[in-house]
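Residue strings, one per chain:
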Amino acid sequence: MPPRKLAYYSPIMRRFAIPAIALAVAVALLALLAFGVAHQGTSSSIDAQVARGDYPAAPGARVQLPILGSSGHESLADFRGKVVVINVFASWCGPCVAEAPILEQEQRQLLKHDATVLGVAYLDNSSDSEQFVQQHGITYPVVRDVSGNFVKGFGATGVPETYVINRQGRVVALRRFQLAGNWLEQTMTRILAQSA
Amino acid sequence: MTRMRLRTGAIALLLVLITAPFALAAATATAATAATPRASLTDIESDVMCTSCREPLEVAQSPQADSERAYIRGLIAQGETKSQILNNLVAQYGTAVLGKPPAHGFNLTVYILPPAILVLGAAILAFTLPRWRRRTRAAARARAAPVDTLDPADAERLDQELSRFRG
């Protein structure tokens, strides 16, 4: 019986074929991981742009968000031409409770200048958010961001956060975490004076 | 006439007496269904996430986790089933609340990649193992095999070559 002829592979091919396949698979997995992380949308680039004075257009301006306690929807674009203070909050968040009276007081001033606070309930259920609004006598409009896609456009990682949008629809100031001191009052005085 | 009325009244009374236990049983069953929990917090906690701390709710200790638990308890008290509660949680907190992400978009990789890697690994092993074994067996055979004897023509030629050196 003649000896069986084995397929010929060059020694280089034989030595590197399996490591090459393993490397290709590892690179593909890493690329997939990088893609996933990059699309989480928690970029903090807005902070840098605002700090530079290079005010970016407000992200997700056309995203329709459900109005709290209503079947209607509202988007940031509906407030075009107004200065809008977006406050991201949740009923279970202590700092949000502390901010509520400050924002409500500011709302009374803003109404005189064609400006408004817009509450965005995030990471919260609607019944608790409604209770929060009632308990703190909030009169400004409040919408819900169930998926978090709207606030993630601003790079939000939690609550509370506050962003100020000017009459041209650009982010001109923002504050991560709780409003401190008289940041809101000072910021709004400056922005309203600029846009008067 | 009076006899006729009496008969009608008796029939009505009889009907009421016959149907009353069934009506009572149905009412009791409805009340019991509304009050009887059809899901448990422990069971649901293992399938949902604390959306702010990004941890499973069963281990999460944060104000949001407590709020989420209270909300789930409320739904359990209303007699909702586990799937109803999960749907309700998605409506309130988005799909991020689910421990297992829904199978569409980028999330599909969670379901596709592990079995794909397993199949790829198995295929690589299925391809390489027999080759390794063949090679090992061949090497073993080569070591164990006796030295081949030369055929007569080669033996004669070898003798001639050697005799030339020997002079």
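Residues numbered from 1 in each chain as written. Chains lettered and ligands numbered in written order. Predicted model: local features only at pLDDT ≥ 70, side-chain atom pairs only at ≥ 80, totals over all residues.

Considerations on the overall build of chain A
Next, step 1: In terms of helices and strands, chain A carries six helices and seven strands.
Next, step 2: What you see in chain A, going N to C, is helices and strands ordered as α-α-β-β-β-α-β-α-β-α-β-β-α.
Next, step 3: The buried share of chain A, reckoned over its 196 residues, is 31%.
Next, step 4: Partitioning the contacts of chain A with sequence separation of at least 6, the portion at a separation of at least 24 is 70%. (Helix = DSSP H or I, 4+ residues; strand = E, 2+ residues; numbered from the N terminus. Buried ≥ 20, exposed ≤ 12 C-beta atoms within 10 Å, placed from the backbone. Contact = placed C-beta atoms within 7 Å.)

As for the overall build of chain B
Next, step 1: Of regular secondary structure, chain B possesses six helices and two strands.
Next, step 2: For chain B, the sequential pattern of α-helices and β-strands runs α-α-β-β-α-α-α-α.
Next, step 3: Across the 167 residues of chain B, 13% fall into the buried class.
Next, step 4: Sequence-distant contacts in chain B: of pairs separated by 6 or more residues, those separated by 24 or more amount to 49%.

A look at the nonpolar core
Nonpolar side chains in soluble globular proteins generally cluster together in the buried interior.
Next, step 1: Ranked by size, the top nonpolar core spans 61 residues in total, and within it A90, V120 and I165 of chain A carry the most contacts.
Next, step 2: If sequence neighbours within four positions are ignored, A90 of chain A has contacts with C96, A121, Y122, L123, D124 and V159 of chain A together with Q64 of chain B. (Core = buried A, V, L, I, M, F, W, Y, C linked by C-beta atoms within 7 Å.)

A short note on the sheet that holds strand β5 (residues 142–145) of chain A
Residues and elements named next belong to chain A.
Next, step 1: What the five strands build is an open sheet, ordered β5-β4-β3-β6-β7; its pairing is mixed. Strands with a single pairing partner mark the edges of an open sheet, and in this sheet they are β5 and β7 (171–176). Across the sheet, the mean angle separating the axes of adjacent strands is 20° when strand polarity is ignored.
Next, step 2: Docked against the sheet, helix α6 (residues 183–194) engages β3 (83–89), β4 (115–122), β6 (161–165) and β7, running at close to 175° with respect to β7. (Pairing = 2+ DSSP bridges. Axes fitted to C-alpha atoms, helices over the stretch in contact; angles between N-to-C directions.)

Details of the pairing of β4 of chain A
All names here are of chain A.
Next, step 1: Most of β4 sits inside the fold, with seven of its eight residues counted as buried.
Next, step 2: The parallel pair β3 and β4, bridged by helix α3 (residues 94–110), forms a crossover whose chirality is right-handed.
Next, step 3: Bridge count between β4 and β5: four bridges; the pairing is parallel. Note on β5: the bridge partner recorded for G119 is V142.
Next, step 4: Taking the sense of rotation as the criterion, the β-α-β connection linking β4, helix α4 (residues 126–135) and β5 turns out right-handed. (Right-handed = clockwise from strand over helix to strand, strands pointing away.)

Looking at the pairing of β3 of chain A
Residues and elements named next belong to chain A.
Next, step 1: With seven of seven residues buried, β3 is to be regarded as a mostly interior element.
Next, step 2: Residue alternation in β3 divides its side chains into two sets, V83, V85, N87 and F89 and V84, I86 and V88, and both sets are buried.
Next, step 3: The pairing of β3 with β4 spans seven bridges and is parallel. Along β4, the bridge assignment pairs V88 with V120.
Next, step 4: In the sheet, β3 pairs with β6 via five bridges, with the strands oriented antiparallel. Bridged to V88 within β6 is E161.

Comments concerning unusual backbone geometry
Residues and elements named next belong to chain A.
Next, step 1: With an omega of -5°, the peptide bond running from V159 to P160 counts as cis.
Next, step 2: With respect to the element layout, P160 can be found in the loop between α5 (149–152) and β6.
Next, step 3: Phi angles above zero are rare outside glycine, and L123 is one such case at about 60°.
Next, step 4: Here L123 shows up in the loop between β4 and α4.
Next, step 5: In this model, F177 sits at a positive phi of 70°, which is unusual for a non-glycine residue.

Topic: the interface of chain B and chain A
Next, step 1: Each side of the interface is counted separately: chain B has 14 residues, and chain A has 17 residues.
Next, step 2: For the side of chain B that touches chain A, the secondary structure elements donating two or more residues are α3 (63–77), α4 (82–93) and α5 (108–144) of chain B.
Next, step 3: Counting residues per element, the side of chain B that touches chain A draws most heavily on α3 of chain B, at four residues.

Observations regarding the confidence of the model for chain B
Next, step 1: When the pLDDT values of chain B are averaged, the result is 84; 81% of them are 70 or greater.
Next, step 2: Predicted complex, confidence summary: ipTM 0.73, pTM 0.67. (pLDDT = per-residue confidence, 0-100.)

Description of α5 of chain B
Next, step 1: Along its 37 residues, α5 of chain B runs 54 Å from first to last C-alpha, staying within 8% of the 54 Å computed at 1.5 Å per residue.
Next, step 2: Burial runs low along α5 of chain B: only zero of the 37 residues are buried. (Expected span 1.5 Å × (residues − 1).)

Remarks on α3 of chain B
Next, step 1: With 15 residues, α3 of chain B should cover 21 Å at 1.5 Å per step; its first-to-last C-alpha distance of 21 Å lies within 8% of that length.
Next, step 2: For α3 of chain B, the full list of buried residues reads Q64, A65, S67, E68, Y71, I72 and L75 of chain B. Projection of α3 of chain B onto a plane perpendicular to its axis shows the buried side chains occupying an angular sector of 160°, all on one side. Turned more than 90 degrees away from the buried face of α3 of chain B sit A70 and A77 of chain B, all of them exposed.
Next, step 3: Those residues of α3 of chain B hidden inside the fold are in contact with α4 of chain A together with α2 (41–45), β1 (49–50) and α4 of chain B. (Arc of directions from axis to C-beta.)

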